[in-house]
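Summary of the model geometry
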Amino acid sequence: MESGILETYAMGVTSSSESAEVEEMIRLHSEVCLEVEKIRKALEQYAFDHTKTPSPAIKPFLMAIIDYSERIRNGETPTEPPALHSGSVPDDYSFWLNRSDLATPSSFGDFHAKIIGYNPAVTTAIVWMRYMAPPEVHHNEYEKFLVLEGSCEIEIGTTVHKLSTGDFLSIPLHITHHLRVTSPIPCKVILQRCAA
């Protein structure tokens, strides 16, 4: 009971011979069985105590990655959308914006995203946001926006930037930012995340 094997067993990472040994000890000694249950409950409580609610933007972006991977697997040719910059305009992305499979979805929750380009240095997506994007900080990638439809406010640190159709904004590293949609329609943007 002092060896640490019971903790390893409770986590499910013992070898088959170690598991057999622990299970034999559980069968023979009730105090070992009780100790394993105590360890399992402690591990479960630790997990609950340290749980963090994921950002509501995570699922839509994971779904966008799966969708993009499936499109590529089914024969879509990867493309390289242009880099976003202060002179970017919506027409720069007309090739993607005019595709019916990348059109605004008829319904979605708070977020929806479609990846239009990926390489290890840059991910480009069309993103729809109904209300807001939660506060976040980027340490390893720059985030850039070009508003296509609707309007929003992006608070970077203590500065609020009001954006509408055609506006561009780049988010600096290491500063908390938060987006709030200000239009009655979802805010549709080209979003680019570039490795720092």
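The notes below deal with the structure included here. Here the residue numbers are simple positions, counted from 1 along each chain's written sequence. For this predicted model, a pLDDT threshold of at least 70 governs which residues receive local features, and a threshold of 80 or more governs which side-chain atom pairs are given and counted, while totals over whole chains, interfaces and linings are taken from all residues. Water and hydrogen atoms were dropped before computing side-chain values, which therefore reflect all heavy atoms in the structure.

**Looking at the pattern of salt bridges**
Only one rule defines a salt bridge in this text: a Lys or Arg side-chain nitrogen within 4 Å of an Asp or Glu carboxyl oxygen. Overall, the coordinates contain 14 salt bridges when judged by the stated rule. Between K114 and D67 there is a salt bridge; the shortest N-O distance is 3.3 Å. Here D67 lies in helix α4 (residues 58–73) and K114 lies in strand β1 (residues 111–119), a separation of 47 residues in the sequence. Linked by salt bridges that have partners in common, D67, R71, E76, R99, D101 and K114 make up one network. Numbered from the N terminus, helices here are DSSP runs of H or I no shorter than four residues, and strands are runs of E no shorter than two.

**Here's the deal with the environment of P134**
Structurally, P134 is set in strand β3 (residues 132–136). Burial status follows relative accessibility: with a 1.4 Å probe on protein chains alone, a residue under 20% of its type maximum counts as buried, one over 50% as exposed, and anything between as partly exposed. Judged by its relative accessible area of 16%, P134 is buried. Distance from P134 to M1, taken between C-alpha atoms, is 46 Å for residues 133 residues apart in sequence. In what follows, a contact means two residues having at least one pair of non-hydrogen atoms within 4.5 Å. Ignoring any residue separated from it by four or fewer positions in sequence, one finds P134 in contact with S55, P56, F111, H177 and H178.

**Observations regarding the packing of aromatic side chains**
For Phe, Tyr and Trp, rings pair up if their centres lie within 6.5 Å, where Trp contributes its six-membered ring, and each pair is then called stacked (planes under 30 degrees apart), edge-to-face (over 60) or tilted (otherwise). A complete count under the given rule lists two aromatic pairs for this structure. Ring centres of Y93 and W96 lie 6.2 Å apart, and the angle between their planes is 45°; this geometry places the pair in the tilted category. Accessibility classification places Y93 together with W96 in one group, the buried group. An aromatic cluster of at least three residues, connected via ring pairs, comprises Y93, F95 and W96. In this scheme, the term charge over a ring applies when either NZ of a lysine or CZ of an arginine sits within 6 Å of the ring centre and within 35 degrees of the ring normal. Note that R130 overlies the ring of F108, its terminal NZ or CZ placed 4.2 Å from the centroid. Geometry around F61 places R193 over its ring, the cationic atom sitting 5.1 Å from the centre.

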